[in-house]
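Commentary on secondary and tertiary structure
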Amino acid sequence: MKITFLNLIVLVFGAFAISRVFLRFRGKELSLAGAIFWSFIWFTIFIVAIFPSSSVELAKIIGIGRGADSAFFISILLLFYLIFRLYIKLDKIDKDLTKLSIEISKKLHKNNIQ
Amino acid sequence: MSETDPKIYIVIPAYNEGKVIEQTILSLKNERYSNILVVNDGSSDKTKENAHLAGAEVIDHIINRGQGAALRTGIEYLRENSDPDIIVTFDADGQHQAKDIQKFVELISKGECDIALGSRFLAKKSNIPRLRKIILKLGVIFTRFISDIAVTDTHNGFRALGRKAIQSIEITQRGMEHASEIIDEIKKRKLSFKEVPVEVIYTEYSKIKGQKNSNFVKIGIKMILKKLL
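Residues numbered from 1 in each chain as written. Chains lettered and ligands numbered in written order. Predicted model: local features only at pLDDT ≥ 70, side-chain atom pairs only at ≥ 80, totals over all residues.

Regarding the overall build of chain A
Spelled out, the test is: Working definition: helices are DSSP H or I runs of at least four residues, strands are E runs of at least two. Numbering for both runs from the N terminus. In this scheme the burial state of a residue depends on its C-beta neighbours within 10 Å: 20 or more other such atoms mean buried, 12 or fewer mean exposed, and anything in between means partly exposed; the C-beta positions come from the backbone. Remark: residues whose backbone-derived C-beta atoms lie within 7 Å of one another are considered to be in contact.
Per the secondary structure count, chain A includes 4 helices and 0 strands. Along chain A, from the amino end to the carboxyl end, the secondary structure elements read α-α-α-α. A buried classification covers 14% of the 114 residues belonging to chain A. Nonlocal contacts in chain A, meaning residues at least 24 apart in sequence, comprise 57% of its contacts between residues at least 6 apart.

Concerning the confidence of the model for chain B
Atomic detail in the predicted coordinates should be set aside for any region of low pLDDT. Here is the rule: pLDDT expresses, on a scale from 0 to 100, how confident the predictor is about each individual residue.
Summarising the model, chain B shows a mean pLDDT of 88, and 93% of its residues fall at 70 or more. Reported confidences for the modelled complex are a pTM of 0.76 and an ipTM of 0.82.

Observations regarding the packing of helix 1 (residues 5-26) of chain A against helix 2 (residues 32-50) of chain A
All names here are of chain A. Our working rule: Axis lines are fitted to C-alpha atoms, over the contacting stretch for helices. Their N-to-C directions set the angle, which ranges from 0 to 180 degrees. Throughout, the term roughly parallel applies to angles under 35 degrees, roughly antiparallel to angles over 145, roughly perpendicular to angles from 65 to 115, and oblique to all others. Note on convention: the crossing is left-handed when the near helix lies turned anticlockwise from the far helix by less than a right angle, right-handed when the turn is clockwise. For this scheme, ten residues count as nonpolar: Ala, Val, Leu, Ile, Met, Phe, Trp, Tyr, Cys and Pro. Four count as charged, namely Asp, Glu, Lys and Arg, and the remainder, Gly too, count as polar.
Interhelical geometry of helix 1 versus helix 2 gives an angle of 165 degrees and a closest axis separation of 9 Å. Viewed along their axes, helix 1 and helix 2 adopt a mutual orientation that is roughly antiparallel. Crossing angle aside, the handedness with which helix 1 passes helix 2 is left-handed. Here N7, V10, L11, G14, A17, I18, V21 and F25 of helix 1 come into contact with helix 2, specifically with A35, W38, S39, W42, I45, F46 and A49. Tallied by class, residues from the contact of helix 1 with helix 2 come to 12 nonpolar, 3 polar and no charged.

Regarding the interface of chain A and chain B
Interfaces are often sized by the accessible area lost when the parts come together. In this assembly, 17 residues from chain A lie in contact with 17 residues from chain B. Residue assignment for the side of chain A that touches chain B shows that the elements contributing at least two residues are helix 2 and helix 4 (70-113) of chain A. If you tally residues by element for the side of chain A that touches chain B, the top one is helix 4 of chain A, at 12 residues. In terms of residue class, the side of chain A that touches chain B is built from 7 nonpolar, 6 polar and 4 charged.

Regarding the nonpolar core
Threshold: Each nonpolar core reported here comprises buried Ala, Val, Leu, Ile, Met, Phe, Trp, Tyr and Cys residues connected via C-beta atoms within 7 Å.
L37, V38 and I87 of chain B are the most contacted members of the largest nonpolar core, which totals 57 residues. The next biggest cluster of nonpolar side chains, apart from the first, holds 9 residues, and it includes V10, V21, W38 and V48 of chain A.

Examining the pairing of strand 2 (residues 36-41) of chain B
Residues and elements named next belong to chain B. Threshold: Following DSSP output, two strands are said to pair if at least two bridges run between them. A clockwise course of the path from the first strand over the helix to the second, judged with the strands pointing away from the viewer, identifies a crossover as right-handed.
Where burial is concerned, most of strand 2 is hidden: 6 out of the 6 residues are buried. Summarising the sheet, strand 1 (residues 8-14) and strand 2 pair through 5 bridges and their orientation is parallel. In the strand pairing of strand 2, P13 is matched with V39. Viewed along the sheet, the connection from strand 1 through helix 1 (residues 21-30) into strand 2 turns out right-handed. Relative to strand 3 (residues 57-61), strand 2 runs parallel, the two sharing 5 bridges. Looking at the pairing, V39 lines up with I59 of strand 3. Note that the unit made of strand 2, helix 2 (residues 47-53) and strand 3 has a crossover that is right-handed.

Notes on the sheet that holds strand 3 of chain B
Strands pair in a sheet through their backbones, by hydrogen bonds, and they do so in one of two ways: parallel or antiparallel. Residue and element names in this part refer to chain B. Read across the open sheet, the 7 strands follow the order 3-2-1-4-6-5-7; overall the sheet is mixed. This sheet does not close on itself; its edge strands, each paired only once, are strand 3 and strand 7 (193-197). The sheet shows a mean angle of 20 degrees between the axes of neighbouring strands, direction not considered. Of the strand pairs in this sheet, strand 4 (residues 86-89) and strand 6 (residues 159-161) are connected by 3 bridges, and their pairing is antiparallel. The partner of V88 across the bridge, within strand 6, is A160.

Considering helix 4 (residues 101-109) of chain B
Residues lying three or four places apart along an α-helix face the same way, a consequence of the helix completing one turn every 3.6 residues. All names here are of chain B. For clarity, the cut-off: Note: the arc covers the axis-to-C-beta directions of the helix.
Within helix 4 the residues assigned to the buried category are I101, F104, L107 and I108. Buried positions in helix 4, seen along its axis, are confined to an arc of 130 degrees and lie on one side of it. Its buried side turned inward, helix 4 meets strand 4, strand 5 (115-119), strand 6 and strand 7. Positive backbone phi, approximately 75 degrees, marks G111, located one or two places after helix 4.

With respect to the environment of E181 of chain B
Residue placement: E181 of chain B occurs in helix 7 (residues 178-188). Setting aside residues no more than four positions away along its own chain, E181 of chain B makes contact with I171, T172 and Q173 of chain B.

Quick look at helix 5 (residues 130-147) of chain B
Residues and elements named next belong to chain B. What counts here: A helix's residues, less one, multiplied by 1.5 Å, set its expected span.
For helix 5, built from 18 residues, the straight-helix expectation of 26 Å at 1.5 Å per residue is met to within 8% by its first-to-last C-alpha distance of 25 Å. The set of residues buried in helix 5 consists of G139, T143 and S147. Viewed along the axis of helix 5, the buried residues span an arc of 35 degrees, placing them on a single side of the element. Among the exposed residues of helix 5, those oriented more than 90 degrees off its buried face are R130, L131, I134, I141 and F145. Where helix 5 terminates, the next one or two residues include D148, which has phi positive at roughly 55 degrees.

Structure below.
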């Protein structure tokens, strides 16, 4: 088994992403099901990086003729991670906004009737 | 009302329901329910004024945040300030019948369940449009799969919460997904529940104002994402 430079980048990046998943789960920003889902995704990418031949097998199964183009692969990887981050952030902002408007409403109403 | 009667509060989330809110509140008053809390969810019409005119207490959302958020405001406010025995959630658009509340109150007062859920499918009278019926049935199967709980009507805004449910249920979904979330919470908080047959009247107004059928796909996706993220 020969680990190329590209494999190494994916491995380091994958390890970083898994650590983020774990930290988010610990910080209660991610549910257990979510943590399992994202760990599974990154773990699969890990496996593919260590055993590139598995991706050829996968490519055969889904019917892609040639192996993954490295630039495309890294771009998709990055985009995937960025969307994941963006979704979490957006969701948090949306929840904060709701909480804020609820708290303001309750407070204003309480002050008004006193 | 005697000393031993439960303290019942009706929470009505309302967004641009100025045309019907007054009538909805009066129908509740006719059945002698006096603690009515309308959560005006950032309406741009006369919902707030008309609800006041009809004699309800009104909490205002500065911006529109959705029905789930409005219910959360109402339930949290009562939990923090009024010590309610029972909170009934009731739609603003006149679909629900005030006379049905008694059935919910009886179940909770007798301690038969922590939360009572209205079901339009257990009642014979409801005039549910066919497509809506199919979608609601799919919702029931979906909820069974996602929340592992068997109910006959997941998206009915008519329900009553007893003390345990009032204290424990947490609504985090601000839109219509809150209805599925409440079912999820029943399972999570180990609450006992019963279903109550309720008549739901679909008027031309409520069909226009109510949820669009396509919304249910969005609700499904949001519930799956909630589980994953």
